[in-house]
Amino acid sequence: VHNISCQKNPGLCATTATNMLDVVIRRAAERGLLVSLSHDQLEARNSIFPPSLWYNSVYSEELVIRIWDALIARYKNQWNVFAIDLKNEPSYEEELATWGNSNKSSDWNKAAERMIRRMGAFNGLFFVDGMKYGTDLKNAREYPIDSEISSLNNRIVFTPHCYGPDIFAIKVFKTVNFPEYLDDQYMQEYGFLAKKGLPVLIGEWGASNNPRSPGEKWNKWYADWLRSKCLTNNFYWSLDPNSDYTSGLLDRDWKTPDKRKLELLDRVQPNPTKFE
């Protein structure tokens with residue numbers, strides 16, 4: 001809570017994490033903002049990076065599902081809680097998670113199917129991230145998500161994450177034809193899903209957007225690429241200014257909108273749905 005002003009937000013101090021979540025969701029609803037709940041960390045820790053797997057020695061898969069069930073029951077009548085992200089960015093560093101080998105201890109594809117079947121009481125959408133920072137969904141071509149229940153399958157959404165050169169200082173961002181060169185890579189990793197008519201929502205994307213920077217170049221290209229591929233449903237990272245690499249839609253005072261970034265988002269989706 002060191003980033004919270006208790007004077008301005010008395011309901012967020014000296015309370016439990018769940019009560020804090022109640023307040024944030026309720027205040028988001030008052031402002032017409034939708035909320036997706038995401039499984040990011042298993043235990044309190046300092047690292048900003050998520051663990052590779054959806055469970056560990058303390059939090060078993062069964063316990064994770066029970067926690068999800070408790071949250072679903074808590075917010076079942078909260079109109080703006082519209083989705084749950086089953087696991088944020090499986091397989092980050094250790095490459096422990098897999099997709100499609102039917103190994104119960106590591107196969108994220110099968111784990112997602114099991115969780116969706118068990119959490120069928122939830123009426124919203126089920127978000128399934130890709131591998132390796134959330135970007136890689138290419139194995140879904142051969143091994144798609146199938147809960148074996150049509151009413152649940154209709155609410156499964158693939159949610160790749162994609163970032164510019166501020167996050168990934170890799171060779172592909174340093175080629176002469178950057179960023180056009182990325183078209184083929186992104187189509188292989190997740191763009192093909194939309195081409196097949198499957199629901200895809202960009203769960204996270206962003207770059208610094210500093211004038212004349214590689215990040216700005218990527219941002220503009222990616223915005224146009226999303227429109228050209230009919231992938232305009234998206235979450236930009238992030239709303240708050242605490243992201244060191246991409247900054248936020250709000251300046252450091254948490255109040256002033258970043259005009260350049262809002263113009264960028266307007267470029268992607270000029271007619272967003274508004275909720276009362």
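Preceding block: the structure.
Just so we're clear, the structure is a prediction, and the values are computed from it rather than from any experiment.

Draft legend 1. A look at helix α1 (residues 17-30). Over its 14 residues, α1 runs 20 Å from end to end, which matches the ideal 20 Å to within 8%, given 1.5 Å per residue. Within the sequence span of α1, burial applies to M20, D22, V23, I25, A28 and A29. Packing partners of the buried residues in α1 comprise β1 (35-38), α2 (61-74) and β2 (81-85). Once α1 finishes, G32 follows within two positions and takes phi at roughly 70 degrees, a positive value.

Draft legend 2. Representation of the environment of N109 within the structure. Residue placement: N109 occurs in helix α3 (residues 108-118). Separated by 76 residues in the primary sequence, N109 and L33 have C-alpha atoms spaced 30 Å apart.

Draft legend 3. Highlighting the pairing of β2. Among the five residues that make up β2, five are buried, leaving the element largely enclosed by the rest of the structure. The sheet contact formed by β1 and β2 spans four bridges and is parallel. For V35, the partnering residue across the bridge sits in β2 and is V81. Sheet topology note: the β2/strand β3 (residues 125-128) ladder contains three bridges and is parallel. Paired with A83 across the bridge in β3 is L125.

Draft legend 4. Up close: the pairing of strand β6 (residues 202-206). Here β6 lies mainly inside the structure; five of its five residues are buried. In this sheet, strand β7 (residues 234-236) lies alongside β6 in parallel orientation, the contact comprising two bridges. Considered in β7, the bridge of I202 is made with N234. As for the winding sense of the linkage, the β-α-β connection from β6 through helix α6 (residues 214-228) to β7 is right-handed.

Draft legend 5. Spotlight on the packing of aromatic side chains. Applying the stated rule across the entire model yields 18 aromatic pairs. Between W54 and W108, the ring centres sit 5.7 Å apart and the planes meet at 40 degrees, which makes this aromatic pair tilted. Of this pair, W54 sits in the loop between β1 and α2 while W108 sits in helix α3, placing them 54 residues apart in sequence. Measuring from centroid to centroid gives 6.0 Å for Y190 and W225, while their planes differ by 85 degrees, and the two rings are edge-to-face. In this pair, Y190 sits in helix α5 (residues 182-195) while W225 sits in helix α6, placing the two residues 35 residues apart along the sequence. You'll find Y190 and W225 in the same group, each marked buried. Among the aromatic residues, those joined into a ring-pair cluster are Y186, Y190, W205, W218, W221, Y222, W225 and Y236. One residue, R141, lies across the ring of F192, its end atom 3.9 Å from the ring centre.

Draft legend 6. Representation of the sheet that holds β7 in the model. Taken in spatial order, the three strands line up as β5-β6-β7 in an open sheet, and their pairing is parallel. Strand pairing shows two members of the sheet lacking a second neighbour, β5 (161-163) and β7, which therefore form its edges. Neighbouring strand axes in the sheet, compared pairwise and without regard to direction, differ in orientation by 20 degrees on average. Along the sheet face, α6 touches β5, β6 and β7 and points at about 150 degrees away from the line of β6.

Draft legend 7. Just the side chain of E216, in detail. Inspection of the secondary structure puts E216 in helix α6. The residues touching E216, leaving out its near neighbours within four places in the chain, are N209, N210, P211 and R260.

Rules used in this analysis
Residues numbered from 1 in each chain as written. Predicted model: local features only at pLDDT ≥ 70, side-chain atom pairs only at ≥ 80, totals over all residues. Heavy atoms only, no water. Helix = DSSP H or I, 4+ residues; strand = E, 2+ residues; numbered from the N terminus. Expected span 1.5 Å × (residues − 1). Buried < 20%, exposed > 50% of the residue type's maximum accessible area, 1.4 Å probe, protein only. Contact = heavy atoms within 4.5 Å. Pairing = 2+ DSSP bridges. Right-handed = clockwise from strand over helix to strand, strands pointing away. Phe/Tyr/Trp six-rings, centres within 6.5 Å; stacked < 30°, edge-to-face > 60°. Lys NZ or Arg CZ within 6 Å of the ring centre and 35° of its normal. Axes fitted to C-alpha atoms, helices over the stretch in contact; angles between N-to-C directions.

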